[in-house]
Amino acid sequence: MSPVLGIAGYVLREAASRKFIMAFMVGLTLVLAVVALGMRIDVIDGALAASRLFGQEVRATIQSVDVALRPVYQASAFIVFYGGILFGIVACSDFAPSLMSPGRIEHLLALPIQRWHLLAGTFLGVMTLALGGTLYGTTGLVLIFGVKTGYWTVGPLVAGLMACVGFAAVYAVMLTMATLVRSAALCAAAGFAVLVGGIIAGHRQDIAKAFEEGVSRSLFQAVTLVLPRLSALAEAAGDMAASLPLEVRSLGTLLVGVFVFGLGALVVGFWRFEGKDY
Amino acid sequence: MEKRQKRRVWLVMAALLFVAAAVLMFAGQGEEPAPPPLEVEFPRRMRQPDRERAERRRTQVLPTPVSADSGTVAERPRPRDPLLAALPRGEGKTAVIIEANALRHSPIGGLLMDCLMRDGGKQLKEFREKSGVDPLQDLDRLVITDEGMMLSGNFENARFKELLGERVSADYGEGARVYEAGENSVTRPDGTTVKRRDTSAIATWNNQLLVVGKSPDEVKAAIDRVEGRGPDEPPAISESSTYGEMYGVLSVEMLSRLIPPEQAALAQRLRDVAKNVELHLDASSDVALVAEVRGPSADDVTDLGKSLGAALSLARIKAQAGEDKDLAQLLDFAKVKPDGDSFTLEMAVPLEVIRERLAICRENRQDAEAALEAKEAPREAGVEQAPVPVR
Amino acid sequence: MVTVTASTPAIEVTNLRKTYNRAFRKTGNIALRGMDLSVPRGSAFGLIGPNGAGKTTFIKSILGIVQPTEGTVRVLGGSPEDARIRARIGYLPERLHLPGSWTPTAFLATVGRLKGLPPDAAGHLSLLERVGLADAVGRKIGGYSKGMRQRLGLAAALIGKPELLVLDEPTDGIDPMGRMEVRRILQEEVRRGTTLFLNSHLLAETERVCDRVAILADGRVVREGKLEDLVRGESRWVARFAPGVSVDALGSAGFVPARADGVFHVEAPDATALNAALDRARAAGALLVELRRDGMDLEAVLLGTVSAQAMRAAEVAA
């Protein structure tokens, strides 16, 4: 286990030295600051009188705060979920390929660690990074909304954590892609493909009806059966943020399933990496 | 080979993880397992029951034609189905046969019956008494052609003279009687009688066939065909096409008339490209329709098939999106299959859908029957009783 | 548990073949065509050969970085796939990539941790001193020169006192003074009993450090053995005479003029023949100033071997 943690530490140290991550943190802080300053929500006796965004009124009717804010929280949950995963794909696509670059990979492979330790450690390091960034951003959002409206909700935080699980599935595929082709661009492309596939898979029952009964429909259902149901997670996050009842039967099971998909993809990477020459 | 073993372990583990993930996600999302695809039997060819039925109907044996040079023994002509013989001959004709008897005993037949007997069977009873014909028992097949209509069945108890007695009639051929145009008394539902001038001609043949046509010549031509005096061309429907509860050929003209006016462009295209349409409907459980469109130019026909297929797909997606469940269900089974110079259109309606749609008829029928009984019962018992509504 | 005896070679390779197969291509690139090599324990072994001979592929094969297509590889009595074996190896790859924003101590600490060793800050500092980086300990690696990076790489290879040191171009980019230092460190290690396996284009360095050498050409070991045996000529001697000597007279004595003035070659299979030839020369009036065996340097050995190999290959092909 220690080598995995060692590699994870190696990756985190590497990330810390990258300007990109710093730039993101700064950017995120800026966005939070802008939201905090630009949004004015007058709370009168627990009822929302008017909210302004950059000087223009957003809502005109007087409603209780939580009801009025539901769409806002729902939207922010979606933005956090999809935005987070998209950012993760772009920001983290280079970690694995650079780890496998000549001069580095030979040194690492000659060390007394198992090959799968390398991949597992990279995965762990990147996920730690993702979790850290998510917690920072979503906690900021929660604070802003709470301070502004007096209504505290952990919706964005929950959405962020669910996005992390979704990102785990996506990044596992990206990492496995790196064992096939050492290219950050292709890794990112693989990540996008899984994201799109995951969005489709979440709506598979509805989309299946568009297919003609027969081979094409069965094929579609078979393929999407294995893909991570990312859009279902996003909708659940939105529902939770808006305090609406969940449409999925068991969120916990779904989350575990998505994570297990990620593990499966990672193990495919182990398989591939084990036999690869560098 | 330790490395290979290790790799194999990883691969197996990955497979197991993917299976576990699929199961967990499936359970977590709460999808209903996809209902087993409705197996619909499309009528595509003769089956054993169809063959047996066709054989049973070969009841007519034409007299052996005497050859010009006597002495040679001509082949004994094979027995044939007189109704098929009566059909119009040649291409481009319309002839659709409805197997009334088979339909009656099918599930959909039961549903249709409920609708027919909405009033508790009063009208049917009256017709039976008047004509001597029980449509539910004595009618076998109903044929619709360009020229008119034909019915086959057992018309021994038919009181033709009473029904058609006011018309001029004459014997024709060997077993036929032709009733020319005349006046008919029609009883309206409110009880009044009205005389109407009916220009159609009717012919009966051997208490087996009833031919209704636009003019006496037409019905006579039909009788000629039955009795072997017709042209040599093959009938519009051959015996090998007599499968399904409804089958036949539609001329393109007839087909385009059936298309709603909103789809005029499609109708025109059909007229340009197609030569004829052969269709078969199977109602033994679900209702399945197969229509084969043929045309002289393979390319045009294929194009038309593709357009139709695309239109169906579009309509299906629209129906899904628009939550029109019935239409969506109908179109779920709609398929277009191109095949050289023809294409086949398949459509099916699950029985459940029809049952739901016609459920109201059943309710009405049950109410009406209960009401009838209630009316008769107090007359017998002599006691006034409030009718009990039965659901 | 592998019993290690003094006689177990540090590296033993039999019929090692490696073909790099590319997807969608029928034939692959054959890097090693059946190598047999044995590196004794405690030796300083040098691998030389022209570009494309397969040296890097060989080194990767003995470290498990590349999987052989055929043949066996034994390192320190075990398989390089075994992590426990790799724990006893120190490796310095060619063009080692070092993270620019780290300090050298952080880098060594990470390598130590990945080697499964307990943290040893003092030990790492003394290693850095040993390789001559004591002054640059506080600076980030990004500010290091090429030579400094190589030294750091060497220090990383030395962590954990490995039994086998595999070095790929260890003195690449290091100035002559630095090279001397590195040579000294390597010789120290050999004296301690560490087996040294070196791949270097700097043949002079290889000559100075190694006691055994293998020449790799076209995926095969062409010549292998003790350095002194390889460079020694067979029966040729070089004699330098004082100026004023008669070339013809010396020629009849068996002395062939060499390139430089006054320098002659003579073939003499043993001491008797040599002395007889010298007597003849002196009788002709020549004054002997210098006498030595006509040895080759490693470069000449390499060139000679490779061209002979090429000629043989051409003959076979023809």
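Data block above holds the structure.
We now turn to the structure provided with this report. All figures in this text were calculated on a predicted structure; none of them were measured in a lab. (Residues numbered from 1 in each chain as written. Chains lettered and ligands numbered in written order. Predicted model: local features only at pLDDT ≥ 70, side-chain atom pairs only at ≥ 80, totals over all residues.)

Examining the overall build of chain C
Looking only at helices and strands, one finds eleven helices and 13 strands in chain C. Taking all 318 residues of chain C together, the buried fraction comes to 36%. Long-range pairs, those at least 24 residues apart, make up 68% of the contacts in chain C between residues at least 6 apart in sequence. (Helix = DSSP H or I, 4+ residues; strand = E, 2+ residues; numbered from the N terminus. Buried ≥ 20, exposed ≤ 12 C-beta atoms within 10 Å, placed from the backbone. Contact = placed C-beta atoms within 7 Å.)

Focus: the overall build of chain B
When its secondary structure is counted, chain B shows 14 helices and 14 strands. The proportion of buried residues among the 391 residues of chain B is 27%. Taking the intrachain contacts of chain B between residues at least 6 apart in sequence as the baseline, contacts between residues at least 24 apart amount to 61%.

Overview of the interface of chain A and chain C
Across the contact, 21 residues belong to chain A and 24 residues belong to chain C. Breaking the side of chain A that touches chain C down by element, the ones donating at least two residues are α1 (2-17) and α5 (105-109) of chain A. With six residues, the single largest contributor to the side of chain A that touches chain C is α1 of chain A. Its residues assigned to classes, the side of chain A that touches chain C shows nine nonpolar, seven polar and five charged. (Nonpolar A, V, L, I, M, F, W, Y, C, P; charged D, E, K, R; others polar.)

Here's the deal with the sheet that holds strand β2 (residues 29-39) of chain C
Residue and element names in this part refer to chain C. Strand order in this open sheet of three strands is β2-β1-β4, and the pairing throughout is antiparallel. At either margin of the open sheet sits one strand with a lone partner, and together these are β2 and β4 (70-75). Averaged over all pairs of adjacent strands, the angle between their axes in this sheet comes to 20°, without regard to strand direction. In this structure, strand β1 (residues 11-20) lies alongside β4, joined through five bridges in antiparallel fashion. Opposite V13, over in β4, you have V73 as the bridge partner. (Pairing = 2+ DSSP bridges. Axes fitted to C-alpha atoms, helices over the stretch in contact; angles between N-to-C directions.)

Regarding the interface of chain A and chain B
Listed per partner, the contact involves 29 residues of chain A and 27 residues of chain B. Looking at the side of chain A that touches chain B element by element, the count peaks at 15 residues for helix α12 (residues 251-274) of chain A. In terms of residue class, the side of chain A that touches chain B is built from 16 nonpolar, seven polar and six charged.

Thoughts on unusual backbone geometry
For N207 of chain B, which is not glycine, the phi torsion reads 55° and is therefore positive. Its place among the elements puts N207 of chain B in the loop between β8 (201-205) and β9 (209-213). Of note, E169 of chain C is a non-glycine position whose phi angle comes to about 55°, a positive value. Within the fold, E169 of chain C resides in the loop between β6 (164-168) and α6 (176-192).

Focus on the nonpolar core
Core analysis: the largest hydrophobic core is formed by 147 residues, its most contacted members being V170, Y171 and A237 of chain A. Setting aside chain neighbours within four positions, we find Y171 of chain A in contact with G88, C92, F123 and V126 of chain A. Of all hydrophobic cores here, the second largest spans 62 residues; its members include I97, V293, L304 and V349 of chain B. (Core = buried A, V, L, I, M, F, W, Y, C linked by C-beta atoms within 7 Å.)

Digging into helix α9 (residues 216-226) of chain B
All names here are of chain B. For α9, every residue scored as buried is listed here: E218, V219, A222, I223, R225 and V226. Summarising the axial view, the buried residues of α9 lie within an arc of 155°, below the 170-degree limit, and thus occupy one face. Those residues of α9 that are buried are in contact with α3 (82-86), β3 (148-153), β4 (169-172), β5 (176-179), β8 and β9. Positive phi appears at G228, one or two residues downstream of α9, with a value of about 85°. (Arc of directions from axis to C-beta.)

A look at the sheet that holds β4 of chain B
Residue and element names in this part refer to chain B. Spatial ordering of the open sheet is given by β4-β5-β8-β9-β3-β2-β1-β10-β11-β12-β14-β13, a layout of twelve strands whose pairing is antiparallel. Both outer strands of the open sheet, β4 and β13 (335-339), are each paired with one neighbouring strand and no more. Strand after strand, the sheet turns through a mean of 15° between neighbouring axes, direction not considered. Sheet analysis places strand β10 (residues 246-251) next to strand β11 (residues 276-282), joined by six bridges and oriented antiparallel. Note on β11: the bridge partner recorded for Y247 is H280. This element, helix α12 (residues 298-321), spans β12 (287-294), β13 and β14 (342-349) of the sheet and lies at about 165° to β13.

With respect to the pairing of β10 of chain B
Two faces make up the sheet, and in a regular strand the side chains alternate between them. All names here are of chain B. Most of β10 sits inside the fold, with six of its six residues counted as buried. What you see with β10 is no split at all: M246, G248 and L250 on one side and Y247, V249 and S251 on the other are buried throughout. Of the pairings in the sheet, the one linking strand β1 (residues 95-98) to β10 comprises four bridges and is antiparallel in character. Bridge pairing in β10 places A95 opposite V249.

Regarding helix α3 (residues 104-114) of chain C
For α3 of chain C, the full list of buried residues reads P104, F107, L108, V111, G112 and L114 of chain C. Looking straight down α3 of chain C, one finds that the buried residues subtend no more than 165° of arc, so they occupy a single side. Contacts made by the buried residues of α3 of chain C are with α1 of chain A together with α4 (121-130) and α5 (146-158) of chain C. Directly beyond the C-terminal end of α3 of chain C, a positive phi value near 80° is found at G116 of chain C.

Details of the packing of α1 of chain A against helix α6 (residues 115-149) of chain A
Residues and elements named next belong to chain A. At their nearest, the axes of α1 and α6 sit 7 Å apart, and the two run at 50° to each other. On the basis of the axis angle, α1 is oblique to α6. The two elements α1 and α6 cross, and the hand of that crossing is right-handed. Counting all contacts with α1, which are made through P3, V4, G6, I7, A8, V11, L12 and A15, the residues of α6 involved are H117, L118, A120, G121, T122, L124, G125, V126, T128 and L129. (Parallel < 35°, antiparallel > 145°, perpendicular 65-115°, else oblique. Left-handed = near helix turned anticlockwise from the far one by under 90°.)

Some words on the packing of α6 of chain A against helix α7 (residues 155-180) of chain A
Residues and elements named next belong to chain A. Following both chains from N to C, one finds α6 and α7 inclined at 155°, their axes separated by 9 Å at the closest point. With respect to each other, α6 and α7 are oriented roughly antiparallel. With respect to the hand of their crossing, α6 and α7 are arranged in right-handed fashion. Of the residues belonging to the contact of α6 with α7, the class tally is 18 nonpolar, six polar and no charged.

Some thoughts on the environment of V226 of chain A
By the secondary structure assignment, V226 of chain A is in helix α10 (residues 215-226). Residues V226 of chain A and A201 of chain A, 25 residues apart in the sequence, show an inter-C-alpha distance of 8.4 Å. Ignoring sequence-local partners within four residues, the contact set of V226 of chain A consists of F18, A21 and A22 of chain B.

Re the environment of M177 of chain A
All names here are of chain A. Relative to the assigned elements, M177 resides in helix α7. Sequence separation of M177 and A188 is eleven residues, and the distance between their C-alpha atoms is 9.1 Å. In this structure M177 touches L186, C187 and A190, once residues within four positions along its chain are discounted.

Here we look at the environment of R159 of chain B
Residue and element names in this part refer to chain B. With respect to the helices and strands, the residue R159 is situated in the loop between β3 and α8 (160-164). According to the C-beta neighbour criterion, R159 is partly exposed, with 14 such atoms within 10 Å. Contacts of R159, omitting those with residues within four sequence positions, involve S131 and G132.

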